[in-house]
Amino acid sequence: MTPGAPARAPGTLEPMLNMAEGLDRLGALATSPIVARLGAAFAEAGFELAIVGGPVRDALLGRPTHDLDFTTDARPDETLRIVKPLASGTWDIGRAFGTIGAKVAGPAGTAEQVEITTYRADSYDGLTRKPTVAFGDSLEGDLARRDFTVGAMALRLPLPALVDPTGGVEDLIAGVLRTPGDPDVSFGDDPLRMLRAARFAGQLGFEVAPDTLEAMSGLRESIRIVSPERVQGELVKLLASDDPVRGIRILVDTGLMGEIVPEVPALRLEIDEHHHHKDVYEHSLTVLRQAIDLEHQRHPGEAPDVTLRLAALLHDIGKPATRKLEPGGGVSFHHHDLKGARLARKRLQALRFDSDTIAAVSQLIEQHLRFFGYAEGAWTDSAVRRYVRDAGDQLERLHMLTRADVTTRNRRKAARLGAAYDDIERRIDELAAQEELDAMRPELDGNRIQEVLGIGPGREVGEAYRYLLDVRLDEGVIGPEAAEQRLRDWWAARG
């Protein structure tokens with residue numbers, strides 16, 4: 001174990017308990033047809049080639065390997081010359097950074113997309129995270145400039161040999177993330193690496209080394225030079241990880257979250273000795289965990305629902321601004337749902353999220369309290385229809401968010417809320433089967449409204465449409481003839 005690394009509890013890194021199996025997986029990777037073809041081609045041309053970074057780490061851990069990244073001493077033009085005879089397609093959009101992409105043919109018509117990058121020896125000016133690109137001369141030098149030791153390993157080809165100049169294997173076994181060199185220099189070169197530390201902690205279940213954490217805290221303000229799009233990308237990857245709560249705690253504790261999503265650390269409200277309420281920050285992390293559990297239960301094997309996870313993390317960010325200490329020791333957060341929706345929209349826009357995600361997250365936050373009115377007293381069918389209509393295509397996410405929002409330790413209260421939500425979901429299913437709620441419309445369309453009332457297109461048609469939709473929501477299906485009569489009566493009452 002690397003000196004100073006945190007102790008790793010036995011059994012918490014089970015894939016690495018058998019190092020021999022990890023090395024066997026590396027051997028299988030090196031001898032796979034496409035990798036073997038590339039290794040032989042570069043060797044025949046007189047150049048080095050190695051698989052590098054994530055694929056090596058994941059093979060050792062027994063994790064799926066999705067993309068193959070290679071590094072070589074060949075310059076981009078030479079790389080292109082070597083791979084063209086093996087590839088069905090090549091691209092050189094990253095040529096200025098030494099990267100050539102190719103789709104390399106394998107057996108039985110298979111093909112794999114790979115990227116091959118010339119050894120790098122970049123330098124940084126400390127003002128931006130864009131390096132001055134310089135090509136290097138050695139594999140070891142290229143590895144030393146990478147973000148973390150567990151990603152600074154390579155598998156030389158064609159005869160496989162593991163190259164690990166910075167102790168990556170030891171850190172894999174210890175379950176620790178550390179930079180290959182001085183973390184102040186590494187994060188000073190590229191501040192985005194600090195967010196990657198939190199993301200890898202969530203993905204791999206690793207701890208971050210103490211000196212690395214200290215550097216993240218000290219350099220947290222440097223994240224401001226990173227573009228919002230890059231920050232958003234790392235945040236999304238963290239939320240999509242197996243344990244995003246681990247990474248979020250790291251970001252909050254180091255102060256980085258205060259730089260990118262300050263509404264999250266703001267949830268750590270000061271507790272007044274005379275006024276008591278639950279810890280909103282810890283509650284939010286619990287809701288996130290429970291939402292992920294529900295996601296796995298309802299959609300096993302599917303891609304992570306980052307929209308739901310964002311809504312779970314941010315659902316109570318309106319509480320700090322709406323907290324009011326009441327007489328007698330009570331605390332209220334009136335309209336924190338509306339305030340939170342506005343704050344979330346503003347923050348997600350600043351991070352350059354797409355409009356669909358922004359709309360969905362803000363809607364879920366705004367509506368996440370609606371169900372608790374149902375738990376206090378059964379709704380009419382009309383109220384259930386309105387709940388479904390207002391939720392729209394976010395209904396299932398709203399179900400999961402609302403269920404996850406129950407974190408009370410009172411078992412009777414939790415059971416009562418769970419039973420109430422089971423009931424409302426049952427009623428929604430029944431009404432949907434009866435009335436096809438997902439596509440609910442008035443029984444008369446706009447053309448028929450105009451015919452019945454003898455009017456042309458205009459504002460009155462929209463008002464009539466909304467009136468008939470309310471009738472449908474309140475009373476269900478009443479039939480076209482009854483709907484026409486109700487429309488005439490409504491029109492007559494308007495004078």
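Source: prediction; values computed, not measured.

1. Some words on the overall build of the protein
No. 1: When its secondary structure is counted, the protein shows 24 helices and eleven strands.
No. 2: Per-residue burial for the protein yields a buried fraction of 47% across its 495 residues.
No. 3: Restricting the contact set of the protein to residue pairs at least 6 apart, pairs at least 24 apart contribute 66%.
No. 4: As presented, the protein carries roughly 23600 Å² of accessible surface, and 49% of it is formed by carbon and sulfur atoms.

2. Quick word on the pattern of salt bridges
No. 1: Taken as a whole, this structure holds 39 salt bridges when the rule is applied.
No. 2: Salt-bridge contacts for arginine 146 lead to aspartate 142; the nearest nitrogen and oxygen are separated by 2.8 Å.
No. 3: Close ionic contact of glutamate 295 with arginine 309 constitutes a salt bridge, the shortest N to O distance being 3.1 Å. Linking glutamate 295 in helix 13 (residues 280-298) with arginine 309 in helix 14 (residues 306-314), this pair joins segments that are 14 residues apart in sequence. Arginine 309 carries the same exposure label as glutamate 295, and that label is buried.
No. 4: Residues joined by salt bridges that share partners form a network here, namely Arg370, Arg386, Arg389, Asp390, Asp470 and Asp474.

3. Here we look at the confidence of the model for the protein
No. 1: On average, the protein scores 87 in pLDDT, and the residues at 70 or more come to 88%.
No. 2: Looking at the elements of the protein, mean pLDDT is at its lowest for strand 11 (residues 331-332), recorded as 66, and at its highest for helix 14, recorded as 98.
No. 3: Ignoring residues within four places in sequence, the model shows residues 1-17, a span with pLDDT below 50, making 36 contacts including any to other chains.

4. As for the side chain of threonine 322
No. 1: Relative to the assigned elements, threonine 322 resides in helix 15 (residues 319-322).
No. 2: Judged by relative accessible area, threonine 322 falls into the buried class, the value being 17%.

5. A closer look at the nonpolar core
No. 1: Counting 112 residues, the largest nonpolar core has Leu38, Phe42, Phe70, Ile248, Leu314 and Tyr387 as the members making the most contacts within it.
No. 2: If we ignore the near neighbours within four places in the chain, the residues touching isoleucine 248 are Leu238, Leu239, Met257, Tyr281, Leu285, Leu288 and Leu313.
No. 3: Counting residues in hydrophobic clusters, the runner-up holds ten residues, among them Ile449, Leu453, Leu468 and Leu487.

6. Considerations on the packing of helix 1 (residues 19-30) against helix 3 (residues 54-61)
No. 1: Relative to each other, helix 1 and helix 3 sit at 135 degrees, their axes nearing to 7 Å. When the axis of helix 1 is compared with that of helix 3, the two are oblique. The two elements helix 1 and helix 3 cross, and the hand of that crossing is right-handed. Here Met19, Gly22, Leu23, Arg25, Leu26 and Leu29 of helix 1 come into contact with helix 3, specifically with Pro55, Val56, Ala59, Leu60 and Leu61.
No. 2: The class makeup of the residues in the contact of helix 1 with helix 3 is nine nonpolar, one polar and one charged.

7. Quick notes on the pairing of strand 1 (residues 49-52)
No. 1: The alternating pattern of strand 1 places Leu49 and Ile51 on one face and Ala50 and Val52 on the opposite face, and all of these are buried.
No. 2: Sheet topology note: the strand 1/strand 2 (residues 68-72) ladder contains three bridges and is antiparallel. Paired with alanine 50 across the strands is threonine 71, a residue of strand 2.
No. 3: The sheet contact formed by strand 1 and strand 6 (residues 154-157) spans four bridges and is antiparallel. Across the sheet, isoleucine 51 pairs through a bridge with leucine 155, a residue of strand 6.

8. Quick look at the sheet that holds strand 5 (residues 111-118)
No. 1: Ordered by their spatial adjacency, seven strands build an open sheet running 3-4-5-2-1-6-7, and the pairing between neighbours is mixed. Looking at strand neighbours, the two that pair on one side only are strand 3 (87-91) and strand 7 (161-163), the edges of this open sheet. When strand polarity is set aside, the average angle formed by the axes of neighbouring strands in this sheet is 30 degrees.
No. 2: Here helix 4 (residues 76-83) sits on the sheet and contacts strand 2, strand 3, strand 4 (99-105) and strand 5; the angle it forms with strand 4, its principal contact strand, is near 5 degrees.

9. Overview of the environment of aspartate 316
No. 1: Within the secondary structure, aspartate 316 sits in the loop between helix 14 and helix 15.
No. 2: Expressed as a C-alpha distance, the spacing of aspartate 316 and phenylalanine 333, which sit 17 residues apart in the sequence, is 9.6 Å.
No. 3: Once residues lying within four places of it in the same chain are set aside, the contact partners of aspartate 316 are Leu267, Val280, His283, Ser284, His336 and His368.
No. 4: Here histidine 315 takes part through its side chain, which lies 3.2 Å from a polar atom of the side chain of aspartate 316.

What counts, and where the lines are drawn
- Residues numbered from 1 in each chain as written.
- Predicted model: local features only at pLDDT ≥ 70, side-chain atom pairs only at ≥ 80, totals over all residues.
- Heavy atoms only, no water.
- Helix = DSSP H or I, 4+ residues; strand = E, 2+ residues; numbered from the N terminus.
- Buried < 20%, exposed > 50% of the residue type's maximum accessible area, 1.4 Å probe, protein only.
- Contact = heavy atoms within 4.5 Å.
- Areas by Shrake-Rupley, 256 points an atom, 1.4 Å probe, with all protein chains shown as cover.
- Salt bridge = Lys/Arg side-chain N within 4 Å of Asp/Glu carboxyl O.
- pLDDT = per-residue confidence, 0-100.
- Core = buried A, V, L, I, M, F, W, Y, C linked by side-chain atoms within 4.5 Å.
- Axes fitted to C-alpha atoms, helices over the stretch in contact; angles between N-to-C directions.
- Parallel < 35°, antiparallel > 145°, perpendicular 65-115°, else oblique.
- Left-handed = near helix turned anticlockwise from the far one by under 90°.
- Nonpolar A, V, L, I, M, F, W, Y, C, P; charged D, E, K, R; others polar.
- Pairing = 2+ DSSP bridges.
- Polar contact = N/O pair within 3.5 Å; in protein donor to acceptor, adjacent residues only side chain to side chain.

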